[in-house]
Amino acid sequence: MSTAKAPVHPPRSQPQARAVRLGPRSVIALALVSATGAAGFGWPLFAGPGSQVSAHAQDAPWLFAGLLVLLVAVVAATISESGLGPKAVAMLGVLAATGAALRPIGAGTAGIEPMFFLMVLSGRVLGPGFGYVLGSVTMFASALLTGGVGPWMPFQMLAMGWFTMGAGLLPGPDRLRGRAELLMLAAYGFLAAFAYGTVMNLAGWPFMDALASNIAFDPHAAVPANLARFVAYCLATSLGWDLGRAVVTVVLTLTIGTTLLKALRRATRRAAFESPVTFDPR
């Protein structure tokens, strides 16, 4: 007499909890800040020689540095609307402090920037909302720690917010695991490291004196000429640094990424961000 065995199904992965849920107001605020930030980064490549922006080429970077106020506002809106609880605030503080402490490790050494690896994995596990807040706060804290406060800091905060938020927007957060997930995160970290370096080059490039170099921004040149100058500027000044950052991010992701992902997911499950906090009246 034979008995039929019930089919064994692999356990379903539970949806990841999100420490910050982006509501409509936060999404709109993020979109507006991102659009303004894109204009702040890319205006040299879109402003013709006769435009009013090019006429104020030395003032424009300082004007767009006022994004800091908008960044603080959008972070505050995200936190207030999502109802960020004490457990999420604690995790945000720990990860931001860790990222800020990792940044000075590579000071003066091209590409040794393990902070980017931590931001990629944290954004992946905790989602795009938390990722944006974490990236911005981490860059702000690291600027205070390293003395890197200046007109470039708002651009760094915005770029790192994008960088970390992008990791949270990658596909398969509840299903993709193992080697495939690591390869996806490594590929994202590699490309995003170059993207971060490129947009930060855009923030600093207009400050160069056009008379000092033939790769500096020239407000009197046509857009194609300035684009060629910018590409040459990136190749000459930051390619080695961006490549080092990308390689370090890939190596750390593939070597210790599994361990850190498990630790972050375990901490997220135990924190139970989406469960309401109740107090015992006794």
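Check the entry above for the structure.
Described below are features of the structure shown in this document.

### Some thoughts on the packing of helix 1 (residues 24-46) against helix 8 (residues 179-204)
Item 1. Direction vectors running N to C along helix 1 and helix 8 enclose 70°, while the axes themselves pass 8 Å from each other. As the angle between them shows, helix 1 and helix 8 are arranged roughly perpendicular. Here helix 1 contributes Phe-41, Gly-42 and Leu-45 to the contact with helix 8, which in turn contributes Val-199, Met-200, Leu-202 and Ala-203.
Item 2. Its residues assigned to classes, the contact of helix 1 with helix 8 comprises six nonpolar, one polar and no charged.

### Here we look at the pattern of salt bridges
Item 1. Within this structure, the stated rule accounts for four salt bridges.
Item 2. Close ionic contact of Glu-181 with Arg-265 constitutes a salt bridge, the shortest N to O distance being 2.5 Å. Linking Glu-181 in helix 8 with Arg-265 in helix 10 (residues 239-271), this pair joins segments that are 84 residues apart in sequence.
Item 3. Here Arg-265 falls in the buried class, since its relative accessible area comes to 10%.
Item 4. Residue Asp-242 pairs with Arg-245 through a salt bridge whose shortest N-O separation is 2.8 Å. Residue Asp-242 and its partner Arg-245 are both found in helix 10; the two are separated by three residues, about one turn of the helix.
Item 5. One network of salt bridges, with partners in common, ties together Glu-113, Asp-242 and Arg-245.

### Observations concerning a positive patch on the surface
Item 1. Taken together, the side chains of Arg-177, Lys-262, Arg-266, Arg-269 and Arg-270 define a basic patch exposed on the protein surface.
Item 2. For Arg-269, a relative accessible area of 58% corresponds to the exposed category.

### Re the side chain of Ser-122
Item 1. As for its placement among the helices and strands, Ser-122 is situated in helix 6 (residues 115-146).
Item 2. If near-sequence neighbours (up to four positions away) are discounted, Ser-122 is found in contact with Leu-95, Gly-127, Leu-134 and Leu-264.

### A word on a nonpolar patch on the surface
Item 1. There is a patch of nonpolar side chains on the surface, built from Phe-190, Leu-191, Leu-243, Val-247 and Val-251 and spanning about 420 Å² of accessible area.
Item 2. Looking at the nonpolar patch, the elements with two or more residues in it are helix 8 and helix 10.
Item 3. In terms of residues, the nonpolar patch owes the most to one element, helix 10, which gives three residues.
Item 4. Judged by relative accessible area, Val-251 falls into the partly exposed class, the value being 44%.

What counts as what
Residues numbered from 1 in each chain as written. Predicted model: local features only at pLDDT ≥ 70, side-chain atom pairs only at ≥ 80, totals over all residues. Heavy atoms only, no water. Axes fitted to C-alpha atoms, helices over the stretch in contact; angles between N-to-C directions. Helix = DSSP H or I, 4+ residues; strand = E, 2+ residues; numbered from the N terminus. Parallel < 35°, antiparallel > 145°, perpendicular 65-115°, else oblique. Contact = heavy atoms within 4.5 Å. Nonpolar A, V, L, I, M, F, W, Y, C, P; charged D, E, K, R; others polar. Salt bridge = Lys/Arg side-chain N within 4 Å of Asp/Glu carboxyl O. Buried < 20%, exposed > 50% of the residue type's maximum accessible area, 1.4 Å probe, protein only. Patch = residues over 30% accessible without salt bridge, like charges linked within 9 Å, V, L, I, M, F, W, Y side chains within 5 Å. Areas by Shrake-Rupley, 256 points an atom, 1.4 Å probe, with all protein chains shown as cover. Lys, Arg positive; Asp, Glu negative; His and termini not counted. Charge placed at Lys NZ, Arg CZ, Asp CG, Glu CD.

This is a description of form; function is not addressed.
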